[in-house]
Amino acid sequence: MIKKLNKNADRQIRHARVRKKVFGTSVKPRLCVYRSTNYIYAQIIDDINGTTLCASSSLALKTEGSKTQAAKAVGADIAQKALKLGLSEVVFDRGGYIYTGRVAALADGAREAGLKF
């Protein structure tokens, strides 16, 4: 009998394992990434206070082109918002996703816009 794979359940296990170690403070908050089938979302979170400092998504930006180009635009947008708040360094939380494709494009866009991680 073939076992049906549940990729999202596996991702959630990886995410929980990473979240034990990755923690954002008010000085160096966490850049959290969520990837759905159509869109990509990014938040900058202060885990000590439990607040979202800023957020961006490809749904809100309504970008043209491929999903990878949209992810890069979201990375640049979240970096600009963070720099306006006076945040230059973050901890990157890939959310259990493999660091390739749209997740890597978002990180590259944020780095190119001036965010350090």
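Counting restarts for each chain, with residues numbered from 1 along the sequence as it is written. Totals for whole chains, interfaces and linings use every residue, but because this is a predicted model, local features are given only for residues with pLDDT of at least 70 and side-chain atom pairs only at 80 or more, for both listing and counting. Each side-chain value is derived from all of the structure's non-hydrogen atoms; neither hydrogens nor water enter the calculation.

A. Representation of the packing of aromatic side chains. Here a pair means two rings of Phe, Tyr or Trp (six-membered ring of Trp) with centres within 6.5 Å. Their orientation is stacked below 30 degrees between planes, edge-to-face above 60, and tilted elsewhere. Under the counting rule described, the total for this entry stands at three aromatic pairs. Geometrically, the ring pair formed by Phe-92 and Tyr-99 is edge-to-face, given 6.1 Å between the ring centres and 90° between the ring planes. Classification of residues uses two cut-offs on accessible area relative to the type maximum, computed with a 1.4 Å probe and protein chains only: under 20% is buried, over 50% is exposed, and between them is partly exposed. Accessibility expressed as a relative area gives 17% for Phe-92, which makes it buried. Their ring planes at 10° and their centres at 5.1 Å tell us that Phe-92 and Phe-117 sit as a pair that is stacked. In this pair, Phe-92 sits in strand β4 (residues 91-93) while Phe-117 sits in the segment after α4 (102-112), placing the two residues 25 residues apart along the sequence. What makes Phe-117 partly exposed here is its relative accessible area of 29%. Strands are runs of DSSP state E lasting at least 2 residues, helices are runs of H or I lasting at least 4, and numbering of each runs from the N terminus.

B. Fine view of α4. Within α4, eight of the 11 residues are buried, which leaves it mostly tucked inside the rest of the structure. Of all the positions in α4, only Arg-102, Val-103, Ala-104, Ala-105, Leu-106, Ala-107, Gly-109 and Ala-110 are classed as buried. Contact criterion: two residues are considered in contact whenever any of their non-hydrogen atoms come within 4.5 Å of each other. Of the surrounding elements, those touching the buried residues of α4 are β1 (30-35), β2 (40-46), α3 (67-84) and β4. Immediately beyond the C-terminal end of α4, within one or two residues, lies Gly-114, with a positive phi of roughly 115°.

C. View of the sheet that holds β4. Strand pairing requires that DSSP identify at least two bridges connecting the strands. On the basis of which strands lie adjacent, the open sheet formed by four strands has the order β3-β2-β1-β4 and mixed pairing. The strands lining the two open edges of the sheet, one partner per strand, are β3 (51-57) and β4. On average, each strand axis in the sheet is tilted by 20° relative to the strand beside it, whichever way the strands run. Bridge analysis of β2 against β3 gives six bridges, and the strand direction is antiparallel. Considered in β3, the bridge of Tyr-41 is made with Ser-57. Here the axes come from fitting lines to C-alpha atoms, over the contacting stretch only for helices, and the angles between their N-to-C directions go from 0 to 180 degrees.

D. Structural view of the side chain of Asp-77. By the element assignment, Asp-77 lies in helix α3. Judged by relative accessible area, Asp-77 falls into the buried class, the value being 16%. Beyond its immediate sequence surroundings of up to four residues, Asp-77 is in contact with Ser-56 and Leu-61.

E. Main features of the side chain of Asp-47. By the secondary structure assignment, Asp-47 is in the loop between β2 and β3. A 3.5 Å cut-off defines polar contacts: any pair of N or O atoms within that distance qualifies, except that in protein one atom must be a possible hydrogen donor and the other a possible acceptor, and neighbouring residues in sequence count only when both atoms are side-chain atoms. Separated by 2.9 Å, the side chains of Asp-47 and Arg-30 make a polar contact. When near neighbours in sequence (up to four residues on either side) are disregarded, Asp-47 contacts Arg-19, Phe-23, Gly-24 and Arg-30.

None of this, on its own, says anything about what the molecule does.
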